[in-house]
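Fold and geometry: a report
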Amino acid sequence: MEYSVKQYLPKIGMRNIKTATAAALCAFIYYFLNRSPAFACIGAIFGMGSDLEMSKQHGGNRLFGTIIGGFLGIALFRVYLIFHPDGGRSMLMVPLVFIGTVLLIILCQLFWKGGVQPGGVVLCIILFNTPVESYVPYALNRIFDTAVGVMMALLVNSMFPGGFTFQWMERFGNQIKVNRGWK
């Protein structure tokens with residue numbers, strides 16, 4: 001029995017190329033800024049959609065979730081520091097993360113429904129994994145870098161059409177047949 005290689009090859013479509021291009025452009029720009037491109041690249045990857053409208057939705061989820069979670073995390077961490085100025089572990093984080101999650105969901109319902117998951121990530125990182133001296137710069141940098149990545153995804157997606165697979169991959173897949181009986 002013969003099978004087409006096309007059945008087994010992953011497709012390299014335009015969304016794949018646009019996503020990689022947006023992430024690579026972020027890394028390229030950040031190289032010259034002497035700054036880590038990690039969160040800009042993540043923003044570009046999460047922000048890419050199959051077309052410009054989907055990019056606006058995905059990118060909006062990531063960006064607005066990060067903004068809401070970042071500022072909420074700053075406010076709640078500030079409350080925490082009133083009681084524990086040197087940081088450290090405390091059971092106070094339990095009600096703060098509870099309150100923060102409830103507020104995050106309410107704020108996302110009001111401003112951007114799809115922002116809960118990315119906002120929750122930023123909120124938890126600020127509350128549980130950011131040093132006392134850097135929680136504000138961390139949140140602001142995370143918001144900035146995410147915005148750069150999402151903007152790059154929108155820019156790249158607006159410059160390239162969507163909806164097609166590279167023709168050379170289709171020709172390649174159709175021309176080569178695999179014989180399952182090889183020994």
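So, how was this worked out
Residues numbered from 1 in each chain as written. Predicted model: local features only at pLDDT ≥ 70, side-chain atom pairs only at ≥ 80, totals over all residues. Heavy atoms only, no water. Helix = DSSP H or I, 4+ residues; strand = E, 2+ residues; numbered from the N terminus. Buried < 20%, exposed > 50% of the residue type's maximum accessible area, 1.4 Å probe, protein only. Contact = heavy atoms within 4.5 Å. Areas by Shrake-Rupley, 256 points an atom, 1.4 Å probe, with all protein chains shown as cover. Core = buried A, V, L, I, M, F, W, Y, C linked by side-chain atoms within 4.5 Å. Phe/Tyr/Trp six-rings, centres within 6.5 Å; stacked < 30°, edge-to-face > 60°. pLDDT = per-residue confidence, 0-100. Salt bridge = Lys/Arg side-chain N within 4 Å of Asp/Glu carboxyl O. Patch = residues over 30% accessible without salt bridge, like charges linked within 9 Å, V, L, I, M, F, W, Y side chains within 5 Å.

Some points on the overall build of the protein chain
Within the protein chain, the secondary structure is distributed over seven helices and two strands. The secondary structure elements of the protein chain, listed N-terminal to C-terminal, are β-α-α-α-α-α-α-α-β. Evaluated residue by residue, the protein chain yields a buried proportion of 37% over its 183 residues. Long-range contacts, defined here as pairs at least 24 residues apart, represent 75% of the contacts in the protein chain between residues at least 6 apart. Total accessible area on the protein chain is roughly 11,000 Å²; 68% of this is exposed by carbon and sulfur atoms.

Details of the nonpolar core
Core analysis: the biggest nonpolar cluster contains 19 residues, and Leu-76, Phe-77, Tyr-80, Met-93, Ile-126, Leu-127 and Tyr-135 have the highest contact counts within it. Broken down by element, this core gets its largest block of residues, seven residues, from helix H3 (residues 52-83).

With respect to the packing of aromatic side chains
One pass over the structure, following the stated rule, counts six aromatic pairs. Taking 6.4 Å as the distance between ring centres and 90° as the angle between the ring planes, the aromatic pair formed by Phe-39 and Tyr-138 counts as edge-to-face. Residue Phe-39 is located in helix H2 (residues 38-47), and its partner Tyr-138 is located in helix H6 (residues 135-159); the two are separated by 99 residues in the primary sequence. Relative accessible area serves as the criterion here: at 26%, Phe-39 is assigned to the partly exposed category. One aromatic cluster is present, formed by Phe-28, Tyr-31 and Phe-32 through successive ring pairs.

A word on the confidence of the model for the protein chain
Mean pLDDT over the protein chain: 88, with 84% of residues reaching 70 or higher. When the elements of the protein chain are averaged for pLDDT, strand E2 (residues 177-179) gives the smallest value, 44, and helix H4 (residues 93-111) the largest, 98. Overall, residues 164-169 carries pLDDT values under 50, and its contacts beyond four positions in sequence, including any with other chains, amount to twelve contacts. Ignoring residues within four places in sequence, the model shows residues 174-183, a span with pLDDT below 50, making 14 contacts including any to other chains.

Things to note about the pattern of salt bridges
One pass over the full model with this rule turns up two salt bridges. Across the pair Asp-145 and Arg-35 runs a salt bridge whose closest N-O atoms are separated by 2.8 Å. Of this pair, Asp-145 sits in helix H6 while Arg-35 sits in the loop between helix H1 (14-33) and H2; the two residues are 110 residues apart in sequence, bridging distant segments of the chain. For Asp-145, a relative accessible area of 5% corresponds to the buried category. We classify Arg-35 as partly exposed; its relative accessible area is 29%. One salt bridge connects Lys-56 with Glu-53, and the closest N-O pair in it is separated by 3.4 Å. In this pair, Lys-56 and Glu-53 both sit in helix H3, three residues apart, roughly one turn of the helix. Taking relative accessible area as the criterion, Lys-56 reaches 41% and is therefore assigned partly exposed.

Some words on a nonpolar patch on the surface
A cluster of nonpolar residues, Phe-98, Ile-99, Val-102, Leu-103, Ile-106, Leu-110 and Phe-111, forms a patch on the protein surface that exposes about 700 Å² of accessible area. Among the secondary structure elements, Ile-106 is positioned in helix H4.

Quick notes on the environment of Lys-113
Looking at the element boundaries, Lys-113 is found in the loop between H4 and helix H5 (116-129). Separated by 48 residues in the primary sequence, Lys-113 and Gly-65 place their C-alpha atoms 8.7 Å from one another.

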